[in-house]
Amino acid sequence: MKLNDDIGVIPVAPSLLGESPLWHPTEQSLYWCDIPGHKLNRFNPASGQHDEWAFDTDVACCAPVLGGELLLALRSGLFSFDPATGKSQRLAKPPYDPAIERFNDGKADPQGRMWAGTLYEPRDRAAAALYCWAGGELTREAEGVTTANGLAWSPDGRTAYWSDTKAHTIYAFDFDPMLGTLSGKRVWVRFPVKQPGMDLADYGGRPDGASVDAEGCYWVAMFEGARVLRLSPRGEVLREVKLPVQCPTMPCFGGPDLKTLYITTGRENRPAEELARTPLAGAVLTLQVDVPGLPANFAKS
C-alpha cells in the first residue's frame, strides 16, 4: 500500500519493535524480527502471504543459510531454524548473562560468518559486545558499547561499520575478509546527543540499524528522529528521508532489483500522544531508491 509517491507500507499488523529486516535472495521474501513480541515474520510481496513464528524469548536477528534454514539469534543463544518445519536447534549458549543482556542487531559477513551484537539492558555502562560465529565457535570480537547496532560492510568487504545507539556514534573498522578480524576502530560519524527536556521535533535521532548500497553509501535509521539518512563513504549526509513514524529501527534492500528499501519501525513504550499521531508505528515501510543495495550474505551454520 502506498502512502504517497515515496513511502509505502506492508499490509501486516504492526510489531512492538520491528528489527533486523532481511531480504532473502532465493525466497524473494522479507524476514524481520519483533524482538519483544518474540516473533519472526516473513512476507512475500508477490503473493501477499505473511507467515510468523512464535518463540519463548526475544528474537533479535537472522541470516539465511544455503538449503533453506536460518541462523537465528535469540536471547537464549544462537540457533539453527528451519522455516519449513518450525523446528530449531541451539548451536551456542548465550555468551552473556541473559537476565541483563541479549542479542540485538546482526547479520552474516561476505565470507559466511555470522556476527551479532548485544544490548546491555541496564544501560549504565558500555558492557555490550560484538560476537562472531564461525567454525562452530562463538567468539567476542569487539566491545565498549551499550547498544550494539548498525552492522554493515562496504562493497569491497574491507570496511566494517558498527554503532552504539546510546552513544549516538557509528564506528568504522578495517576488516580482513580472509581472517574475519577487526582493527583500526575509529569514530566514523557522531550525532548530537539528545538533551534533557528536548522536544523530539528538535532532535535528529540516534543511529540504529543500517545497510550499505552498491555505491558504498550507508543507509541508517535514526531512532526517535523520524528519518533515515544516506551517508557517503566519508560520512557526509547525501539524503534525508522523513518518515511518518518517530522510531525507525533498520533499513534493508530488497525486491528483484534490490531497489526497495524496507524499513522496520517500533511502537513499544511510546507515548500515547505519539502513537495517535503516528499510527503506522511498528509497521514495515517501503521506499523506492535509485541505487540498489547489496544482496544479503548467506551464513555458514
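Only a predicted model underlies this, so the values are computations on that prediction, with no experimental measurement involved.

*Asks:* Quick question: what am I supposed to make of the overall build of the protein here?
*Replies:* If you tally the helices and strands in the protein, you get one helix and 24 strands. C-alpha extents for the protein along the principal axes are approximately 45 × 45 × 40 Å. Counting all 301 residues of the protein, 57% fall into the buried class. Counting contacts in the protein only where the partners sit at least 6 residues apart, residues at least 24 apart contribute 45% of the total.

*Asks:* So what exactly am I meant to see when it comes to the pairing of strand 18 (residues 206-212) here?
*Replies:* Looking along a regular strand, one sees the side chains alternate between the two faces of the sheet. In terms of residue burial, strand 18 counts as a mostly covered element, since seven of its seven residues are buried. As paired strands, strand 18 and strand 19 (residues 218-223) are joined by five bridges and run antiparallel to one another. Bridging across to strand 19, Ala 210 finds its partner in Val 220. Between strand 18 and strand 19, which pair antiparallel one after the other, the connecting turn spans five residues, and Gly 216 there sits at a positive phi close to 85°.

*Asks:* What should I look at first to understand the packing of aromatic side chains in this one?
*Replies:* Describing an aromatic ring pair means giving the distance of the ring centres and the angle of the ring planes. All chains considered together, the criterion is met by 14 aromatic pairs. Aromatic side chains Trp 153 and Phe 175 sit 5.8 Å apart centroid to centroid with 70° between the ring planes, which places their arrangement in the edge-to-face category. Placement of Trp 153 in strand 14 (residues 148-153) and of Phe 175 in strand 16 (residues 169-176) is noted, with a sequence separation of 22 residues between them. Of the residues examined, Trp 153 reaches a relative accessible area of 6% and is grouped as buried.

*Asks:* Whenever I open this one, the sheet that holds strand 5 (residues 50-54) confuses me. Can you help?
*Replies:* Sheet strands associate in pairs through backbone hydrogen bonding, adopting either a parallel or an antiparallel arrangement. The sheet built from four strands is open, its strands ordered 2-3-4-5 with antiparallel pairing. The outermost strands of the open sheet, each flanked by one partner alone, are strand 2 (18-24) and strand 5. Along the sheet, successive strands turn relative to each other by an average axial angle of 20°, direction set aside. As defined by bridge partners, strand 2 adjoins strand 3 (residues 29-34) across five bridges and the pair is classed as antiparallel. Across the sheet, His 24 pairs through a bridge with Ser 29, a residue of strand 3.

*Asks:* I would appreciate a short explanation of the sheet that holds strand 12 (residues 128-134) in the present structure.
*Replies:* Strand order across the open sheet formed by four strands is 10-11-12-13, with antiparallel pairing between neighbours. The outermost strands of the open sheet, each flanked by one partner alone, are strand 10 (101-108) and strand 13 (137-145). Going across the sheet, the axis of each strand differs from the next one's by a mean of 25°, ignoring polarity.

*Asks:* I would appreciate a short explanation of the pattern of salt bridges in the present structure.
*Replies:* Scanning the entire structure with this criterion turns up 18 salt bridges. Arg 42 is paired through a salt bridge with Asp 51; the nearest N and O atoms lie 3.1 Å apart. Classification of Arg 42 by relative accessible area gives buried; the value is 17%. In this structure, the salt-bridge partner of Arg 206 is Glu 224, at a minimum N-O distance of 2.7 Å. Taken together, the residues Arg 206 in strand 18 and Glu 224 in the loop between strand 19 and strand 20 (227-231) connect sequence positions 18 residues apart. For the residue pair Arg 206 and Glu 224, the accessibility class agrees, reading buried in each case. Three or more residues joined by partner-sharing salt bridges are found here, namely Lys 194, Arg 206, Glu 224, Arg 270 and Glu 274.

*Asks:* Just to check I follow, could you spell out unusual backbone geometry for this structure?
*Replies:* Glycine aside, a negative phi is what most residues show, and trans is what most peptide bonds show. Phi angles above zero are rare outside glycine, and Gln 28 is one such case at about 50°. Here Gln 28 shows up in the loop between strand 2 and strand 3. Its relative accessible area of 29% is what places Gln 28 among the partly exposed residues. A positive phi angle, close to 60°, is found at His 38, a residue other than glycine. Turning to its location among the elements, His 38 is positioned in the loop between strand 3 and strand 4 (39-43).

*Asks:* Looking at this model, I keep getting lost on the pairing of strand 12. Mind explaining?
*Replies:* When you tally the buried positions in strand 12, you get six out of seven residues, the bulk of the element. Taken together, the four bridges between strand 11 (residues 114-120) and strand 12 define a ladder with antiparallel strand orientation. Opposite Met 114, over in strand 12, you have Trp 133 as the bridge partner. In this sheet, strand 13 lies alongside strand 12 in antiparallel orientation, the contact comprising seven bridges. Residue Leu 130 lies in a different strand from strand 13, and its bridge partner there is Ala 142. Connecting strand 12 to the next strand, strand 13, in antiparallel fashion are two residues, including Gly 135 with a positive phi near 60°.

*Asks:* What exactly am I supposed to notice about the side chain of Arg 270 here?
*Replies:* In this fold, Arg 270 is placed in the loop between strand 23 (260-265) and helix 1 (272-277). At 2.9 Å, the side chain of Arg 270 forms a polar contact with the side chain of Glu 224. With residues near it in sequence (within four places) discarded, Arg 270 still touches Leu 200, Phe 223, Glu 224, Gln 246, Cys 247 and Leu 275.

Definitions and limits used
- Residues numbered from 1 in each chain as written.
- Predicted model: local features only at pLDDT ≥ 70, side-chain atom pairs only at ≥ 80, totals over all residues.
- Heavy atoms only, no water.
- Helix = DSSP H or I, 4+ residues; strand = E, 2+ residues; numbered from the N terminus.
- Buried < 20%, exposed > 50% of the residue type's maximum accessible area, 1.4 Å probe, protein only.
- Contact = heavy atoms within 4.5 Å.
- Pairing = 2+ DSSP bridges.
- Phe/Tyr/Trp six-rings, centres within 6.5 Å; stacked < 30°, edge-to-face > 60°.
- Axes fitted to C-alpha atoms, helices over the stretch in contact; angles between N-to-C directions.
- Salt bridge = Lys/Arg side-chain N within 4 Å of Asp/Glu carboxyl O.
- Polar contact = N/O pair within 3.5 Å; in protein donor to acceptor, adjacent residues only side chain to side chain.

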